[in-house]
Amino acid sequence: MAPSGSRSIKRGCQRVLYWIPVLFIALIVAWSYYAYVLQLCIESIEDTGEKVVYLLVYHVVFIMFVWAYWQTIFTKPMNPLKEFHLSHSDKELLEREDRGESQQEILRRIAKDLPIYTRTNSGAIRFCDRCQLLKPDRCHHCSVCDKCILKMDHHCPWVNNCVGFANYKFFMLFLLYSLLYCLFITATDLQYFIKFWTNGLPDTQAKFHILFLFFSASMFSVSLASLFIYHCWLVCKNRSTLEAVRSPVFRHGTDKNGFSLGFSKNFRQVFGDEVKYWPIPVFSSLGDGCSFPTCLVNLDPEQPSSPTGSNPANKSAAEGRQFPSKPLRESQSRLLTSTPSWSENETISKSKGSVFGETITRRTSYRNQNMLRIALGDT
């Protein structure tokens, strides 16, 4: 009991320490509000029209900034669906086998019915020992959260949360509005900052708030601008921070642009199809976080795929997908759809004389479960 109790105390202390960066940001924002609203706008600005305009614009940006920051912090990261977890029998079977090819055979058998295309550097199935699950594409285990996070970008200490599929849009808006917040303060505070050095301000405590407000806002603007530009580049390329450091590995090899669908589709994956939701910190990203449309030069022969032919059922199913099943450019041979093309009874009929002269029927619980979730309106 003693070791367990000491571990609980240690975890509790770590949780408290993890909130220190968030508390620091909250104090800085609270002071900036006091310095800008009271000391600058109310105490120092004499023109009523200028004061009203500054306060209105400031509060709009401030509300959006705080809202996006709140959503980034308190949105729970999404974890892999239960279909990716090993069943009790699979766990026992895996434990009985020696480490090596025999275990990989078991994992490959399980992964055959799942939308998994990425591999480890050695070509093995990506498996998490701690969570006992097959990692979906773009999923990684966070050592801080001790969980597997869907489309994990990074663990951010300034929000005390993992930035991933569930809150990446909120994180982008947080960077945008925090940058606008700092730039607005810097621009409107500039003339009074100059007056400070030319002795144009009355000798009150407001002058020191104006001085430090300009310095802090301008310094944060530089760091936020560089971070925001970098993540804009990642969105345009459809990469996470982890994928920018280490390119994803597919069966045909490493491909840094494996998930890129072009600027428009890459952007809509994060921000959604409806323009009215783009600037608002509400969830509108496309997909379920477990599978992603992928541009592959060579399709994985071990994974189920949907044939593209003149079949009317296939044509109608393709029309309902979020991304059209067609190449983006000539150099790309195939574009997988944004939703898995696995059906409960998927029949591939080949004509006489073709390579496959038989009908293959695959039964997949993953698609059946997703269809049930959509029917029930579960997001």
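Residues numbered from 1 in each chain as written. Predicted model: local features only at pLDDT ≥ 70, side-chain atom pairs only at ≥ 80, totals over all residues. Heavy atoms only, no water.

Named according to an unreviewed UniProt entry, the protein is Palmitoyltransferase originating from Astatotilapia calliptera. Recorded in UniProt for the protein, the comment headed Subcellular location (unreviewed entry) runs: "Membrane". (UniProt positions renumbered as here; feature names shortened; annotations may be inferred.)

*Asks:* Help me out: how do you make sense of the overall build of the protein in this one?
*Replies:* For the protein, the count of helices and strands is 11 helices and 13 strands. Within the protein, the proportion of its 379 residues that are buried is 43%. Taking all contacts inside the protein whose residues are at least 6 apart in sequence as the whole, residues at least 24 apart take part in 64%. Carbon and sulfur atoms make up 60% of the accessible area of the protein, which totals about 20800 Å². (Helix = DSSP H or I, 4+ residues; strand = E, 2+ residues; numbered from the N terminus. Buried < 20%, exposed > 50% of the residue type's maximum accessible area, 1.4 Å probe, protein only. Contact = heavy atoms within 4.5 Å. Areas by Shrake-Rupley, 256 points an atom, 1.4 Å probe, with all protein chains shown as cover.)

*Asks:* Before we go on, may I ask you to explain the sheet that holds strand S1 (residues 118-119) in this structure?
*Replies:* Consider a sheet: its strands pair through backbone hydrogen bonds, and that pairing is either parallel or antiparallel. Strands sit in the order S1-S8-S9 across an open sheet of three strands; the sheet is antiparallel. Only two strands of the sheet have a single partner each, and these edge strands are S1 and strand S9 (253-254). Two strands pair when backbone bridges link them, and S1 and strand S8 (residues 249-250) are joined in this way by two bridges, in the antiparallel orientation. When the bridges of S8 are listed, Thr 118 appears paired with Phe 250. (Pairing = 2+ DSSP bridges.)

*Asks:* Could you clarify how one ought to interpret the nonpolar core in this entry?
*Replies:* In summary, soluble globular proteins display a tendency toward joint burial of nonpolar side chains. In this structure, Tyr 36, Tyr 58, Tyr 168 and Phe 174 are the most contacted members of the largest nonpolar core, which totals 48 residues. Elements with a contribution of two residues or more to this core: helix H2 (20-42), helix H3 (48-74), helix H6 (168-197), helix H7 (206-237) and helix H9 (263-271). Looking at which element gives the most residues to this core, the answer is H6, with 15 residues. Among residues more than four places away in sequence, those in contact with Tyr 36 are Cys 41, Tyr 54, Tyr 58, Phe 184, Ile 185, Thr 188 and Leu 213. Core analysis: the next-biggest nonpolar cluster, separate from the first, contains 24 residues, Leu 94, Tyr 117, Leu 134 and Cys 139 among them. (Core = buried A, V, L, I, M, F, W, Y, C linked by side-chain atoms within 4.5 Å.)

*Asks:* Sorry, what's going on with H6 here?
*Replies:* Each α-helix turn comprises 3.6 residues. Residues three or four places apart therefore point the same way. The first and last C-alpha atoms of H6 sit 42 Å apart over 30 residues, in line with the 44 Å expected at 1.5 Å per residue. The sharpest bend along H6 measures roughly 50° and falls at Leu 190. The buried fraction of H6 amounts to 21 of the 30 residues, a majority that puts the element mostly inside the structure. Positive phi appears at Asn 199, one or two residues downstream of H6, with a value of about 60°. (Expected span 1.5 Å × (residues − 1). Bend = angle between axes of the 7 residues up to and from the residue.)

*Asks:* What am I meant to see in the UniProt feature "transmembrane region" (unreviewed entry) in the protein here?
*Replies:* Residues annotated by UniProt as "transmembrane region" (unreviewed entry) correspond here to residues 16-36, 52-70, 170-188 and 208-230. Measuring from the first to the last C-alpha atom of residues 16-36 gives 30 Å, for a span that is 95% helix and 0% strand. This span, residues 208-230, is 100% helix and 0% strand, and a straight line between its end C-alpha atoms measures 34 Å.

*Asks:* Quick question: what am I supposed to make of the pattern of salt bridges here?
*Replies:* Any two side chains of opposite charge can pair, given that their charged atoms come close. Under the criterion given, the structure shown has seven salt bridges. Taking the shortest distance from any N to any O, the salt bridge between Asp 146 and Arg 130 comes out at 2.7 Å. Taken together, the residues Asp 146 in the loop between strand S4 (140-142) and strand S5 (147-149) and Arg 130 in the loop between strand S2 (127-128) and strand S3 (133-134) connect sequence positions 16 residues apart. Residue class for Asp 146 comes out partly exposed when judged on its relative accessible area of 35%. (Salt bridge = Lys/Arg side-chain N within 4 Å of Asp/Glu carboxyl O.)

*Asks:* Please explain the side chain of Ser 285 as it appears in this structure.
*Replies:* Following the sequence through the fold, Ser 285 ends up in the loop between H9 and strand S10 (295-296). The exposure class of Ser 285 is buried, given its relative accessible area of 11%. A distance of 2.5 Å separates a polar side-chain atom of Ser 285 from the backbone oxygen of Val 270. Setting aside anything within four residues of it in sequence, one finds Ser 285 in contact with Phe 165, Lys 169, Gln 269, Val 270 and Gly 272. (Polar contact = N/O pair within 3.5 Å; in protein donor to acceptor, adjacent residues only side chain to side chain.)

*Asks:* Can you help me understand the packing of helix H4 (residues 88-96) against helix H5 (residues 101-111) in this one?
*Replies:* Running from N to C, H4 and H5 point in directions that differ by 160°, and their axes come no closer than 9 Å. When the interaxial angle is binned, H4 and H5 end up roughly antiparallel. Handedness of the crossing formed by H4 with H5: right-handed. Residues Asp 90, Leu 93 and Leu 94 of H4 lie in contact with H5, whose contacting residues are Gln 103, Ile 106, Leu 107, Arg 109 and Ile 110. Counted by class, the contact of H4 with H5 contains five nonpolar, one polar and two charged residues. (Axes fitted to C-alpha atoms, helices over the stretch in contact; angles between N-to-C directions. Parallel < 35°, antiparallel > 145°, perpendicular 65-115°, else oblique. Left-handed = near helix turned anticlockwise from the far one by under 90°. Nonpolar A, V, L, I, M, F, W, Y, C, P; charged D, E, K, R; others polar.)

*Asks:* What am I meant to see in the environment of Phe 292 here?
*Replies:* For Phe 292, the position within the fold is in the loop between H9 and S10. It is 9.2 Å that separates the C-alpha atoms of Phe 292 and Gln 269, two residues lying 23 residues apart in sequence.

*Asks:* I'm lost on the packing of H3 against H6 in this one. Help?
*Replies:* Where H3 contacts H6, the two axes come as close as 8 Å, and the packing angle between them is 155°. It follows from the interaxial angle that H3 and H6 lie roughly antiparallel. Here the hand of the crossing between H3 and H6 comes out left-handed. Residue composition of the contact of H3 with H6, grouped by class: 19 nonpolar, five polar and one charged.

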